[in-house]
Amino acid sequence: VQLQASGGGLVQAGGSLRLSCAASGIVFSLYAMGWYRQAPGKQRELVATISIDGSTRSADSVKGRFAISRDNAKNTVYLLMNDLKPEDTAVYYCNARHNYLSSDAYWGQGTLVTVSS
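These lines cover the structure that appears in this document, whether it is placed above or below. A quick note: this is a predicted structure, and the numbers were derived from the prediction, not measured. (Residues numbered from 1 in each chain as written. Predicted model: local features only at pLDDT ≥ 70, side-chain atom pairs only at ≥ 80, totals over all residues. Heavy atoms only, no water.)

1. Observations regarding the pattern of salt bridges
Right, on to step 1. Applying the stated criterion across every chain, the model contains four salt bridges.
Right, on to step 2. For arginine 37, the salt bridge is made with aspartate 88, and the minimal N-O distance between the two is 2.9 Å. Separated by 51 residues along the polypeptide, arginine 37 in strand E4 (residues 31-38) and aspartate 88 in the loop between strand E8 (76-81) and strand E9 (90-98) bring together distant segments of the chain.
Right, on to step 3. Under the relative-accessibility criterion, arginine 37 is labelled buried at 6%.
Right, on to step 4. In this structure, aspartate 88 and arginine 65 form a salt bridge, with 2.8 Å as the shortest nitrogen-oxygen distance. With a gap of 23 residues between them, aspartate 88 in the loop between E8 and E9 and arginine 65 in the loop between strand E6 (56-58) and strand E7 (66-71) connect regions that are remote in the sequence. (Salt bridge = Lys/Arg side-chain N within 4 Å of Asp/Glu carboxyl O. Helix = DSSP H or I, 4+ residues; strand = E, 2+ residues; numbered from the N terminus. Buried < 20%, exposed > 50% of the residue type's maximum accessible area, 1.4 Å probe, protein only.)

Listed below in C-alpha coordinates is the structure:
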(Lines give C-alpha, C1' and ligand atoms only; values in the text may rest on other atoms or scores of the structure.)
Protein backbone atom coordinates (compact mmCIF):
# COMPACT_ATOMS: atom_id res chain seq x y z
CA VAL A 1 0.00 0.00 0.00
CA GLN A 2 1.30 3.42 -0.90
CA LEU A 3 -0.12 6.88 -0.38
CA GLN A 4 1.88 9.43 -2.34
CA ALA A 5 1.22 13.00 -1.29
CA SER A 6 2.30 15.94 -3.41
CA GLY A 7 1.61 19.60 -4.03
CA GLY A 8 3.15 21.21 -0.98
CA GLY A 9 5.44 24.20 -1.19
CA LEU A 10 6.06 27.77 -0.16
CA VAL A 11 3.24 30.27 -0.66
CA GLN A 12 2.48 33.75 0.56
CA ALA A 13 -0.36 34.42 2.93
CA GLY A 14 -3.62 34.67 1.03
CA GLY A 15 -2.42 32.29 -1.64
CA SER A 16 -3.66 28.85 -2.65
CA LEU A 17 -2.32 25.35 -3.03
CA ARG A 18 -3.81 22.04 -4.04
CA LEU A 19 -2.52 18.90 -2.42
CA SER A 20 -2.94 15.51 -4.02
CA CYS A 21 -2.64 12.03 -2.56
CA ALA A 22 -2.50 9.11 -4.95
CA ALA A 23 -3.27 5.72 -3.48
CA SER A 24 -2.16 2.32 -4.69
CA GLY A 25 -2.55 -1.15 -3.31
CA ILE A 26 -6.04 -0.59 -1.91
CA VAL A 27 -9.58 -0.65 -3.25
CA PHE A 28 -9.78 3.11 -3.06
CA SER A 29 -13.58 3.34 -3.21
CA LEU A 30 -13.85 1.40 0.07
CA TYR A 31 -11.66 3.79 2.03
CA ALA A 32 -12.55 7.00 3.76
CA MET A 33 -9.78 9.48 3.06
CA GLY A 34 -8.46 12.28 5.18
CA TRP A 35 -5.91 15.03 5.43
CA TYR A 36 -4.13 15.72 8.69
CA ARG A 37 -1.38 18.16 9.52
CA GLN A 38 1.36 18.53 12.05
CA ALA A 39 3.02 21.84 12.80
CA PRO A 40 6.43 22.00 14.50
CA GLY A 41 6.09 21.22 18.20
CA LYS A 42 2.40 20.37 17.90
CA GLN A 43 0.34 17.22 17.70
CA ARG A 44 -1.05 15.94 14.45
CA GLU A 45 -4.55 17.26 13.88
CA LEU A 46 -7.44 16.54 11.58
CA VAL A 47 -7.88 18.91 8.65
CA ALA A 48 -10.63 17.30 6.59
CA THR A 49 -12.09 13.92 5.75
CA ILE A 50 -14.24 12.53 2.96
CA SER A 51 -16.25 9.36 3.26
CA ILE A 52 -16.86 6.71 0.65
CA ASP A 53 -20.16 8.38 -0.25
CA GLY A 54 -18.51 11.76 -0.66
CA SER A 55 -19.68 13.41 2.53
CA THR A 56 -17.08 15.67 4.06
CA ARG A 57 -16.17 17.26 7.33
CA SER A 58 -13.43 19.67 8.22
CA ALA A 59 -11.82 21.37 11.17
CA ASP A 60 -13.31 24.69 12.23
CA SER A 61 -9.99 26.38 11.55
CA VAL A 62 -10.18 25.63 7.83
CA LYS A 63 -13.91 25.77 7.13
CA GLY A 64 -14.68 28.05 4.25
CA ARG A 65 -11.06 28.01 3.08
CA PHE A 66 -10.16 24.36 2.45
CA ALA A 67 -12.09 21.77 0.45
CA ILE A 68 -11.47 18.04 0.26
CA SER A 69 -12.53 15.98 -2.74
CA ARG A 70 -11.86 12.58 -4.22
CA ASP A 71 -11.66 11.02 -7.66
CA ASN A 72 -12.25 7.28 -7.37
CA ALA A 73 -11.33 6.75 -11.02
CA LYS A 74 -7.86 8.16 -10.30
CA ASN A 75 -7.52 6.73 -6.77
CA THR A 76 -6.71 10.24 -5.61
CA VAL A 77 -7.85 12.58 -2.87
CA TYR A 78 -7.31 16.32 -3.07
CA LEU A 79 -7.15 19.19 -0.64
CA LEU A 80 -7.73 22.62 -2.14
CA MET A 81 -6.45 25.26 0.22
CA ASN A 82 -7.41 28.88 -0.30
CA ASP A 83 -6.68 32.02 1.68
CA LEU A 84 -3.72 30.36 3.34
CA LYS A 85 -2.46 31.76 6.62
CA PRO A 86 0.92 31.43 8.34
CA GLU A 87 -0.72 29.21 10.96
CA ASP A 88 -1.50 26.69 8.20
CA THR A 89 2.22 25.96 7.95
CA ALA A 90 2.68 22.25 8.65
CA VAL A 91 3.46 18.89 7.17
CA TYR A 92 0.26 17.58 5.64
CA TYR A 93 -0.42 13.86 5.68
CA CYS A 94 -3.06 11.87 3.88
CA ASN A 95 -4.77 8.95 5.54
CA ALA A 96 -6.81 6.06 4.22
CA ARG A 97 -9.15 4.14 6.51
CA HIS A 98 -11.25 1.18 5.41
CA ASN A 99 -14.91 2.07 5.78
CA TYR A 100 -15.84 -1.30 7.30
CA LEU A 101 -12.66 -2.20 9.15
CA SER A 102 -11.27 0.86 10.87
CA SER A 103 -8.09 -0.92 11.92
CA ASP A 104 -7.15 -1.19 8.24
CA ALA A 105 -5.61 2.25 7.87
CA TYR A 106 -2.59 3.80 6.22
CA TRP A 107 -0.61 7.04 6.23
CA GLY A 108 1.22 8.82 3.47
CA GLN A 109 4.67 10.31 3.82
CA GLY A 110 3.58 13.92 4.19
CA THR A 111 4.11 17.06 2.16
CA LEU A 112 5.33 20.34 3.63
CA VAL A 113 3.26 23.49 3.29
CA THR A 114 4.92 26.74 4.31
CA VAL A 115 2.93 29.97 4.35
CA SER A 116 4.92 33.17 4.64
CA SER A 117 3.47 36.37 6.06
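2. Remarks on the nonpolar core
Right, on to step 1. Counting residues in hydrophobic clusters, the biggest one holds 30 residues, and the most contacted among them are Trp35, Leu79, Met81 and Tyr92.
Right, on to step 2. Other than its neighbours up to four places away in sequence, methionine 81 contacts Gly15, Ser16, Leu17, Leu19, Arg65, Phe66, Tyr92 and Val113. (Core = buried A, V, L, I, M, F, W, Y, C linked by side-chain atoms within 4.5 Å. Contact = heavy atoms within 4.5 Å.)

3. A short note on the environment of serine 102
Right, on to step 1. Of note, serine 102 is situated in the loop between E9 and strand E10 (105-107).
Right, on to step 2. The exposure class of serine 102 is exposed, given its relative accessible area of 52%.
Right, on to step 3. Residues serine 102 and valine 47, spaced 55 residues apart in sequence, show a C-alpha to C-alpha distance of 18 Å.

4. As for the packing of aromatic side chains
Right, on to step 1. For the structure shown, the criterion picks out two aromatic pairs.
Right, on to step 2. Ring centres of tyrosine 31 and tyrosine 106 lie 6.4 Å apart, and the angle between their planes is 45°; on these two criteria the pair is classed as tilted. Of this pair, tyrosine 31 sits in strand E4 while tyrosine 106 sits in strand E10; the two residues are 75 residues apart in sequence, bridging distant segments of the chain.
Right, on to step 3. Summarising the aromatic geometry, the rings of tyrosine 36 and tryptophan 107 are spaced 5.0 Å apart at their centres and angled 70° between planes, so their arrangement reads as edge-to-face. One end of the pair, tyrosine 36, is in strand E4; the other, tryptophan 107, is in strand E10, and 71 residues separate them in sequence.
Right, on to step 4. The ring of phenylalanine 28 carries the charged tip of arginine 70 above its face, separated from the ring centre by 4.6 Å. (Phe/Tyr/Trp six-rings, centres within 6.5 Å; stacked < 30°, edge-to-face > 60°. Lys NZ or Arg CZ within 6 Å of the ring centre and 35° of its normal.)

5. With respect to the pairing of strand E5 (residues 45-50)
Each regular strand displays side chains that alternate between the two surfaces of the sheet.
Right, on to step 1. Both E4 and E5 contribute to a ladder of five bridges, which runs antiparallel. Opposite arginine 37, over in E5, you have glutamate 45 as the bridge partner.
Right, on to step 2. The hairpin formed by E4 and E5 contains six residues between the paired strands, and glycine 41 there has a positive phi angle of roughly 75°.
Right, on to step 3. Relative to E6, E5 runs antiparallel, the two sharing three bridges. Of the residues in E6, the one forming a bridge with alanine 48 is serine 58.
Right, on to step 4. Following E5, the chain reverses through five residues before pairing antiparallel with E6; glycine 54 in that reversal takes a positive phi of roughly 90°. (Pairing = 2+ DSSP bridges.)

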